[in-house]
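Residue-level structure breakdown
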Amino acid sequence: MNAILENKPATVPVKSRRRFPTELSIFLVLIGIGLVFEVFGWIVRDQSFLMNSQRLVLMILQVSIIGLLAIGVTQVIITTGIDLSSGSVLALSAMIAASLAQTSDFARAVFPSLTDLPVWIPVIVGLGVGLLAGAINGSIIAITGIPPFIATLGMMVSARGLARYYTEGQPVSMLSDSYTAIGHGAMPVIIFLVVAVIFHIALRYTKYGKYTYAIGGNMQAARTSGINVKRHLVIVYSIAGLLAGLAGVVASARAATGQAGMGMSYELDAIAAAVIGGTSLAGGVGRITGTVIGALILGVMASGFTFVGVDAYIQDIIKGLIIVVAVVIDQYRNKRKLKR
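In this report, the structure presented in the accompanying data block is examined. Not measured: the values here are computed from a predicted model.

With respect to helix H6 (residues 148-166)
With 19 residues, H6 extends 26 Å between its outermost C-alpha atoms, agreeing within 8% with the 27 Å of an ideal straight helix rising 1.5 Å per residue. Residues Pro148, Ala151, Thr152, Met155, Ala159, Arg160 and Ala163 constitute the buried set of H6. All buried residues of H6 project into a common sector of 155° when viewed along the axis, lining one side. Facing away from the buried side of H6, by more than 90 degrees, are the exposed residues Val157 and Tyr165.

Printed below as a string of structure tokens:
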């Protein structure tokens, strides 16, 4: 026995490389970008970028609207889908909700007989518009099998057209105080954080999340394992639409008006926030925490570029480059996984 033990080759412990969580890496990028703008702030403007509380508050308020869209888009992308309609659905929901939140003091109300309504009515209607738009997206994709890009592109154009047609391009103003209170102060940020926590828990700890990741990882295997893929896709797109409706309510309440041009290109910012936050366009990978950080990165960049005086057109170019780089990094990660 001793001889056998003596001749037995010693096992060499394999050192596994310690990997940092994706969210930590993205958070470090956020800090780095903030510090870069802090340095440029003193060089170009001779003042601090990070220590200006008013600027940071405005940035976070803007991020909260994009963030609501990004949370819904993240779940869609995890299923290997895409949603190009969220910005237009935001505008349509904002217009319809605002039209039901007008006061009787306004002589040119959209619906003179439906003024001074309880605040919950325009809120519920705005959410319902978003939910309906999302359900239509999901149903078209699940039933017909057409690419999500085409289905949501059609909704993007149609919803924007409906938003303009609703009041013939005229803005909806004179909203009740109880409605505009939804957009005052820190309320948009609170709504955004509550929604982020809810869906972080839903994706990580519930059957809904398991099904969502399973469909994104391998749709055929998910179908074989008994998951009703079509029904779940309708649910995921409906939730994305619901959150776009909520973003429309918050945006119109914050601006105290509903306009057909609201949310223009917000869908691209939402997709960018999700991708920068680590959500894979190949599906099956993504977390709400990463998306929240991704939205903050976009907000810091937009505020920082404006702070140092970068032209708005140049900002779009840089944003586009960042999206491309984030996708390239995502592709690189996927190739490394396949090699393993």
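Some words on the packing of helix H2 (residues 22-45) against helix H13 (residues 288-308)
Packed helices, taken two at a time, are described by the angle between their axes plus the distance between the axes. Across the interface, H2 lies against H13 with an axial gap of 10 Å and an inter-helix angle of 10°. If you check the angle between H2 and H13, you find them roughly parallel. Where H2 abuts H13, its residues Glu23, Ile26, Phe27, Val29, Leu30, Ile33, Gly34, Phe37, Phe40, Gly41, Val44 and Arg45 lie against Thr289, Gly290, Ile293, Leu296, Ile297, Val300, Met301, Gly304, Phe305, Thr306, Phe307 and Val308. Taken together, the residues of the contact of H2 with H13 break down into 16 nonpolar, six polar and two charged.

Digging into a nonpolar patch on the surface
On the surface, Leu24, Phe27, Leu28, Ile31 and Leu35 cluster together into a nonpolar patch covering about 440 Å² of accessible area. Locating Ile31 in the fold gives a position in helix H2.

Considerations on the packing of helix H8 (residues 187-205) against H13
Two numbers describe how H8 lies on H13: the axes approach to 9 Å, and their chain directions differ by 150°. Between H8 and H13, the crossing angle belongs to the class labelled roughly antiparallel. Here Phe192, Ala196, Phe199, His200 and Leu203 of H8 lie close against H13, whose contacting residues are Ile288, Thr289 and Val292. Here the residues of the contact of H8 with H13 are counted per class, giving six nonpolar, two polar and no charged.

Here is what the cut-offs are and how they apply
- Residues numbered from 1 in each chain as written.
- Predicted model: local features only at pLDDT ≥ 70, side-chain atom pairs only at ≥ 80, totals over all residues.
- Heavy atoms only, no water.
- Helix = DSSP H or I, 4+ residues; strand = E, 2+ residues; numbered from the N terminus.
- Expected span 1.5 Å × (residues − 1).
- Buried < 20%, exposed > 50% of the residue type's maximum accessible area, 1.4 Å probe, protein only.
- Arc of directions from axis to C-beta.
- Axes fitted to C-alpha atoms, helices over the stretch in contact; angles between N-to-C directions.
- Parallel < 35°, antiparallel > 145°, perpendicular 65-115°, else oblique.
- Contact = heavy atoms within 4.5 Å.
- Nonpolar A, V, L, I, M, F, W, Y, C, P; charged D, E, K, R; others polar.
- Patch = residues over 30% accessible without salt bridge, like charges linked within 9 Å, V, L, I, M, F, W, Y side chains within 5 Å.
- Areas by Shrake-Rupley, 256 points an atom, 1.4 Å probe, with all protein chains shown as cover.
- Salt bridge = Lys/Arg side-chain N within 4 Å of Asp/Glu carboxyl O.

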